[in-house]
Amino acid sequence: MRWIKGVILAIIALIVLIFGILFAVRNQAAIPLDIIWAKLPPASLSLWLLSTLVVGVLLGMLAMTGMYLRLRTALVRARHDQRTQQKELNQLRTRELKEAS
């Protein structure tokens, strides 16, 4: 079952790659980008879009870092509490067995 998932993901990745290459080949017109505080030199539309995608992904990862660290800390704390409770439960079970004997 795992290999089927891998094959499907590989096919999807290949299709996305092919569409990306076709998009880059068909959009070679040089377009200057004028943002609010700067005018950037002309470059292909595909380059601008790819760079925008990369910046967006990096900003998204940066924005999620705080939540990731908070959830990771909560997970470590919960695992510690679970281990403590498991030790206490084991002690109670052994005490109960000793008292029953």
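Residues numbered from 1 in each chain as written. Predicted model: local features only at pLDDT ≥ 70, side-chain atom pairs only at ≥ 80, totals over all residues. Heavy atoms only, no water.

Caption draft 1: Just the overall build of the protein chain, in detail. A count of helices and strands for the protein chain gives 2 helices and 2 strands. Along its sequence from the N terminus, the protein chain presents helices and strands in the succession α-β-β-α. Radius of gyration (C-alpha) of the protein chain: 27 Å, far over the 13 Å computed for a compact globule of 101 residues. Classification of the 101 residues of the protein chain by burial places 4% in the buried group. With 13 positive and 5 negative side-chain charges, the protein chain shows a separation of 13 Å between the mean positions of the two kinds. (Helix = DSSP H or I, 4+ residues; strand = E, 2+ residues; numbered from the N terminus. Rg over C-alpha atoms; globule rule 2.2 N^0.38 Å. Buried < 20%, exposed > 50% of the residue type's maximum accessible area, 1.4 Å probe, protein only. Lys, Arg positive; Asp, Glu negative; His and termini not counted. Charge placed at Lys NZ, Arg CZ, Asp CG, Glu CD.)

Caption draft 2: Structural view of the side chain of Ser44. Mapped onto the elements, Ser44 comes out in strand β2 (residues 39-44). Those residues in contact with Ser44 that lie beyond four places of it in its chain are Asn27, Gln28, Ala29 and Ala30. (Contact = heavy atoms within 4.5 Å.)

Caption draft 3: Fine view of the environment of Met67. Residue placement: Met67 occurs in helix α2 (residues 45-100). Note on Met67: relative accessible area 39%, which makes it partly exposed. Separated by 22 residues in the primary sequence, Met67 and Leu45 have C-alpha atoms spaced 34 Å apart.

Caption draft 4: Molecular detail of α2. Its 56 residues place the ends of α2 79 Å apart at the C-alpha level, agreeing with the 82 Å of an ideal helix rising 1.5 Å per residue. At Thr65, α2 shows its strongest bend, of approximately 35°. (Expected span 1.5 Å × (residues − 1). Bend = angle between axes of the 7 residues up to and from the residue.)

Caption draft 5: Spotlight on the pairing of strand β1 (residues 30-34). Here 4 bridges tie β1 to β2, and the two strands are oriented antiparallel to one another. When the sheet's bridge partners are listed, Ile31 is paired in β2 with Ala43. Here β1 folds back onto β2 in antiparallel fashion, the turn holding 4 residues. (Pairing = 2+ DSSP bridges.)

Caption draft 6: Representation of a positive patch on the surface. There is a patch of like positive charges on the surface, built from Arg72, Arg79, Arg83 and Lys87. A residue is classified by how much of its surface remains accessible, and Arg72, at 41% relative accessible area, is partly exposed. (Patch = residues over 30% accessible without salt bridge, like charges linked within 9 Å, V, L, I, M, F, W, Y side chains within 5 Å. Areas by Shrake-Rupley, 256 points an atom, 1.4 Å probe, with all protein chains shown as cover. Salt bridge = Lys/Arg side-chain N within 4 Å of Asp/Glu carboxyl O.)

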